[in-house]
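The chain contents come next:
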Amino acid sequence: MKLTLDHAALLKALAHVQSVVERRNTIPILSNVKVEADSEALRLTATDMDLDVSEATGADVAKTGATTVPAHTLYEIVRKLPDGAQIEIETASGGQQMVLRCGRSRFTLASLPVEDFPVMTAGELPHAFRLSARDLCGLIDRTRFAISTEETRYYLNGIYLHEIKHGGADVLRAVATDGHRLASVEVPLPEGANGMPGVIVPRKTIAELRKLIDESDDQIEVGLSTTKIRFAAEKAVLTSKLIDGTFPDYERVIPTGNDKTLDVACKAFSAAVDRVSAISNDRSRAVKLAMTNGTLVLSATSPDSGSATEELEVNYRGEALEIGFNSRYLLDITQQIGGEEARFSIADAASPTILQERGDSGAIYVLMPMRV
Amino acid sequence: MIVRKLPDSVVNRIAAGEVVERPASVVKELVENSIDAGASAIQVVIRDGGRALISVADDGCGMARDDLCLAVERHATSKLADETLSRIGTFGFRGEALPSIAAVSRLSIATRQRDQDSGWALDVDGGHKGEAKPSGQADGTRVEARDLFFATPARLKFLKAAATETRHAVEAVQRLAMAHPEVGFFVGDGDRPLLNLPALRGDAEDARLRRLSKILGPDFARSAVAVAGERDGVRLGGFAGLPTLNRRVATMQFLFVNGRPVRDRLLYGAIRGAYQGLLPSDRHPMAVLFVDAAPEDVDVNVHPTKAEVRFRDAALVRGLIVSTLRHALAGTAQRTAVPVSMPAAAAVTARPPADWRAPLAPRARDRVATPSFPGLREPLAPYDLAPSAPTADWPVPPPGEEAADPEQPVLPLGLARAQLHSTYIIAETADGIVLVDQHAAHERLTQERLKRELAAGVPARQGLLIPEVIELDEGRIAALEARAAEFEAIGMVIERFGAGAVIVREVPALLGTVEVSALIRDLADELVDDDAHLSLNERLEKVIATMACHHSVRAGRTLSVSEMNALLREMEATPFSGQCSHGRPTYVELSLAEIEKLFGRR
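Remember, it's a predicted structure, so these values are computed and weren't measured experimentally. (Residues numbered from 1 in each chain as written. Chains lettered and ligands numbered in written order. Predicted model: local features only at pLDDT ≥ 70, side-chain atom pairs only at ≥ 80, totals over all residues. Heavy atoms only, no water.)

On to the overall build of chain A. Helices and strands together make up the secondary structure of chain A, namely six helices and 27 strands. Residues counted as buried form 53% of the 372 residues belonging to chain A. Intrachain contacts of chain A at a sequence separation of at least 6 include 67% that bridge at least 24 residues. Counting every atom, chain A has about 16800 Å² of accessible surface; 45% of that belongs to carbon and sulfur. (Helix = DSSP H or I, 4+ residues; strand = E, 2+ residues; numbered from the N terminus. Buried < 20%, exposed > 50% of the residue type's maximum accessible area, 1.4 Å probe, protein only. Contact = heavy atoms within 4.5 Å. Areas by Shrake-Rupley, 256 points an atom, 1.4 Å probe, with all protein chains shown as cover.)

Below is the structure:
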């Protein structure tokens, strides 16, 4: 193998794949990235056996071939090479080494045989559809904060992606919850997604996928079976195993009869919560929302450092009500609400509360109150 | 198949299996008999780990001829005067020990009552009783068991090495001796003495402490606090080691109920609860506790060797132990275990005199690694000498004036004189110096403050959007349900969820996102095991400890004299300030006497 390419192109592709590689591995080859040259492109592939990311980048290939070298070392080297440089890559010593040259720098990396590199077989992916990168980013960004990290309930460690009927239309919905709060975001069901199984996409896959795509109109091809999912963008392909579990019947915890509504200006509310919560230095970070006609008083107390209150003008009609929340959870959600106004639908101080962007029924957040 | 009644010899051997587990059990049973007989001196001889010979001789009340012959019969005892089992004031009552021992060994008993002219001797060989013969025995009784387990070869095979069995036997005597300082104990292996505890007269508490110091070592006596409490007729006495005196295993906890050594999970759990937050979970305190209750409130007839007991009101006993220990330990804020300062002092004295020539000058060989640039070096100023920086808050009078001023409040931790290495505070007290680890001390103060705040407020509870259902067995569910109100008070809401499961609806907000099912399982196990629920508190304390650590003055921060004094005064006012949350001391004390010893003035 012998090829030449731009520093920027190599760095970008490498940055996308290297984070899949775990820092510590018991199987040496899993620390490596597969470097593969066909007639016009260089393809880099990394895997942790559950997740496999591969990205191609244009290169001037003199001789095709493939090898594997330590991913993090290669990334460190390329990161430190000067911008705009040309990089030359060549296998040496009968494939036992890979030599990288750039200007007057020369690096020799030990290789492992490419035949030993684990190949993830996606198997047959019977369901396939196309989704714009913008929609996919929206599904991910607005739900991933609620993914659980608790390992005993492993089936909550990802985003539940499934087809469902909502308001008479078919939608593709993403749901994540950690047992304290829940986020549910949907987009119109893409063509071809009818009949797809509900799947739980693991947290790490979500994180890696998000690095590969940006909010553009590019179309992402999604293919899935009950055990695997594949996302293919223009140059990059990500294949991942799915979490083998049953996502809880989340619709049961989304209340439907919450009769009290509170509309707040989202930015002002979020800033006020942030200020008031500065007083509570313990981990519970509780803030109290006391609402009367037209006014909302946010308050927090800490036996240690004192208390804080802030008054906001809001749109609220109904009996006076007090309810407590974890301020961090409130902030997490208000950050996801892009619009001007957020709407709370509340039943009482002990039942789940719904938060939504006003006028946007495509995303709803459910939050369990805190009793203070 | 034919059902037949087992012959007596077999019945006795089966009973022996329960009572006589190993030579130490024989020693225990016989020494208990001697104590029940009112002996004031007991001599034990153990040869070849008890296999060859176990002999116990006492100067107790002895037995008459007829009693002697009856004593080796099963269920014959002098210790139950009537037929009630509810008032047991003696060690024995089952009437099983002697026949059981007799069934598995060659037993000979010689005895003489105090007012009788002659004594009697009796041999029992593997359960076959001989004739009582006159004997020249002195006052009291001597029981000798030879060739133990010769009749039950299976048991013989399971014995450990002679040294191990001897050690177990000595430990059995030690346990009994702790509860009976008024009795002298001697244990030998026929050649040399293994244990020699002379009888101690005088004040009971003092005698007890001296006996304990003889058995557990002088460290224990120096680092133990007397414990005394009473509730509804149940009394608790004994000594508890300071948290800084801790061990890796819990074998140094000795529990006595009405003078009887027991290994009872309820009581061990109570000790663990009392020391919670003072020790890391893998370290165990030392303690010797005596619970005295009216005989009818304790059921000792639970276990063949009486190692376990049952209390009529277990919660009362548990509460008594926890609160009494806590109270006793809280009074020791100004004490750390003495041994801490001793090795330090020893290290100083052990230094060869040659090193003392210039103790303050940096020695060349300590500094090899550091290239030195004398020209750039700042003048060495390691001591923030207090007298040079008196402040309005804490005027520091020149030494000598303190004693003269009768108005001067007593300051157990003294006045701060200097800070060393920006880490340790040196304070001068009336009779010595105190060296404080500023981080450890402040961490403990912060932790106690956070705990007080938490206790004062109502804990915030985070509701669970998806309540967690945990499958458990009925025993564990019942145990959790019984304490549900207690859990709710700390923010955990648990309810029964049909058969075989509980549902958790709310968790303490302080814990953040916890693995609820693991926590509940731990709690349930603890409730079932020793009726304690430490996990939840432990988790909360861990959060508090982490917060305390982050909010405390670190080592390496320079403190002014007034800051140092403020820290010392707060330590004096805070319970448990003598050790940090990991059980390490926050300060050590070096008395003038110890300093004088270092310089050979004494």
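The next subject is a nonpolar patch on the surface. All names here are of chain B. A surface patch of nonpolar side chains, about 230 Å² in accessible area, is lined by Leu6, Val10 and Ile14. As for its position among the elements, Ile14 is in helix H1 (residues 8-19). Note on Ile14: relative accessible area 48%, which makes it partly exposed. (Patch = residues over 30% accessible without salt bridge, like charges linked within 9 Å, V, L, I, M, F, W, Y side chains within 5 Å. Salt bridge = Lys/Arg side-chain N within 4 Å of Asp/Glu carboxyl O.)

Bringing the packing of helix H2 (residues 23-36) of chain B against helix H6 (residues 162-179) of chain B into the picture now. Each packed pair of helices is defined by two parameters, the angle between the axes and the distance between the axes. All names here are of chain B. Two elements in contact, H2 and H6, have axes separated by 8 Å at closest approach and are oriented at 25°. Comparing their axes, H6 and H2 come out roughly parallel. Judged by the twist between their axes, the crossing of H2 over H6 is right-handed. Residues Pro23, Ala24, Val27, Lys28, Val31, Glu32 and Ile35 of H2 form the contact with H6, whose participating residues are Glu165, His168, Ala169, Ala172, Val173 and Leu176. (Axes fitted to C-alpha atoms, helices over the stretch in contact; angles between N-to-C directions. Parallel < 35°, antiparallel > 145°, perpendicular 65-115°, else oblique. Left-handed = near helix turned anticlockwise from the far one by under 90°.)

Before going further, it helps to spend a moment on the environment of B:Met571. Structurally, B:Met571 can be placed in helix H18 (residues 561-573). Residues B:Met571 and B:His442, spaced 129 residues apart in sequence, show a C-alpha to C-alpha distance of 8.3 Å.

Here we come to the sheet that holds strand E2 (residues 32-37) of chain A. Residues and elements named next belong to chain A. Spatially, the eight strands line up as an open sheet ordered E6-E2-E3-E4-E17-E16-E15-E10, and their pairing is antiparallel. Each edge of the open sheet carries a strand with a single partner, namely strand E6 (65-70) and strand E10 (127-132). Strand after strand, the sheet turns through a mean of 15° between neighbouring axes, direction not considered. With respect to the sheet, helix H3 (residues 133-141) is in contact with E10, strand E15 (219-224) and strand E16 (228-232), its orientation differing from that of E10 by roughly 95°. (Pairing = 2+ DSSP bridges.)

Let us look at the pairing of strand E1 (residues 2-6) of chain A. Residue and element names in this part refer to chain A. The pairing of E1 with strand E7 (residues 86-92) spans five bridges and is antiparallel. In the sheet register, Thr4 faces E7, and the bridge partner there is Glu88. Of the strand pairs in this sheet, E1 and strand E5 (residues 60-63) are connected by three bridges, and their pairing is antiparallel. Counted as the bridge partner of Leu3 is Val61 from E5.

Another point: the interface of chain A and chain B. Note on interface size: it is often stated as the accessible area lost on association of the parts. Every contact between the two is made by 26 residues of chain A and, on the other side, 24 residues of chain B. Both faces considered, chain A and chain B share a buried interface measuring about 2200 Å² in area, 57% of it formed by carbon and sulfur atoms. At the boundary of chain A with chain B, the tally comes to two salt bridges. In this structure, B:Glu506 and A:Arg371 form a salt bridge, with 2.9 Å as the shortest nitrogen-oxygen distance. Across the chain A-chain B interface, the total number found is nine residue pairs in polar contact (both at pLDDT 80 or more). Looking at the side of chain A that touches chain B, the elements that each hand over two or more residues are strand E13 (181-188) and strand E27 (370-371) of chain A. Taken together, the residues of the side of chain A that touches chain B break down into 11 nonpolar, six polar and nine charged. Of the pairings in the sheet, the one linking E27(A) to strand E22 (residues 461-471) of chain B comprises two bridges and is antiparallel in character. Within E22(B), the residue paired with A:Met370 across the bridge is B:Gln462. (Buried area = accessible area lost by both parts, 1.4 Å probe. Polar contact = N/O pair within 3.5 Å; in protein donor to acceptor, adjacent residues only side chain to side chain. Nonpolar A, V, L, I, M, F, W, Y, C, P; charged D, E, K, R; others polar.)

Here we take up the sheet that holds strand E21 (residues 432-437) of chain B. Residue and element names in this part refer to chain B. Spatially, E19-E20-E21-E25 is the arrangement adopted by the four strands of the open sheet, whose pairing is antiparallel. Edge positions in the sheet fall to strand E19 (415-420) and strand E25 (587-591), since each of these pairs with one other strand and no more. Taking each pair of neighbouring strands and ignoring which way they run, the sheet shows an average axis angle of 25°. Inspection of the sheet shows E21 paired to E25 by five bridges, in the antiparallel sense. Among the inter-strand pairings, Gly432 is bridged to a residue of E25, identified as Ser591. This element, helix H13 (residues 438-456), spans E19, strand E20 (424-429) and E21 of the sheet and lies at about 70° to E21. On top of the sheet, H18 reaches E19, E20, E21 and E25; it is set at about 120° to E19, its chief contact.

Here we come to the pattern of salt bridges. Taken as a whole, this structure holds 46 salt bridges over all chains when the rule is applied. Between A:Arg101 and A:Glu88 there is a salt bridge, with its nearest N and O atoms 2.8 Å apart. One end of the pair, A:Arg101, is in strand E8 (residues 97-102); the other, A:Glu88, is in strand E7, with 13 residues separating them in the sequence. Among the residues examined, A:Glu88 registers a relative accessible area of 25% and is labelled partly exposed. For B:Arg106, the salt bridge goes to B:Asp147, with nearest N and O atoms at 2.8 Å. Of this pair, B:Arg106 sits in strand E3 (residues 106-112) while B:Asp147 is found in the loop between strand E7 (140-146) and helix H5 (153-157), placing the two residues 41 residues apart along the sequence. Looking at B:Asp147, the relative accessible area reads 33%, which means it is partly exposed. Via salt bridges that share partners, A:Asp263, A:Glu341, A:Arg343 and A:Arg358 belong to a single interconnected network.

Let us look at the confidence of the model for chain A. With 99% of its residues at a pLDDT of 70 or more, chain A has an overall mean of 91. At the level of individual helices and strands, chain A shows its lowest average pLDDT in E27(A), which scores 86, and its highest in strand E14 (residues 199-202) of chain A, which scores 96. (pLDDT = per-residue confidence, 0-100.)

Residues and elements named next belong to chain A. Taken as a whole and judged by the stated rule, the model has three cavities of 30 Å³ or more. Around the largest cavity, the lining residues are Leu136, Leu139, Ile140, Ile159, Leu161, Ala174, Val201, Ile206, Leu209 and Phe231. Going through the elements one at a time, H3, strand E11 (158-166) and helix H4 (203-212) are the ones with two or more residues in the lining of the largest cavity. Looking at which element gives the most residues to the lining of the largest cavity, the answer is H3, with three residues. (1 Å grid on protein atoms, 1.4 Å probe; cavity = no way out; pocket = protein on both sides within 12 Å on 5 of 7 lines; lining within 4 Å. Points joined across faces, edges and corners; volume = space filled by probe spheres on them.)

Residue and element names in this part refer to chain A. For the pair H3 and H4, the least separation of the axes is 11 Å and the interaxial angle reads 145°. Handedness of the H3/H4 crossing: left-handed. Facing H3, whose interface residues are Leu136, Cys137, Ile140 and Asp141, H4 presents Ile206, Leu209 and Arg210. Classifying every residue of the contact of H3 with H4 gives five nonpolar, no polar and two charged.

All names here are of chain B. In this structure, Asp232 is a non-glycine residue whose phi angle is positive, near 45°. On the secondary structure map, Asp232 appears in the loop between strand E10 (224-231) and strand E11 (234-241). The phi torsion at Ser422 lies on the positive side, around 50°, for a residue other than glycine. Summarising the element assignment, Ser422 is placed in the loop between E19 and E20.

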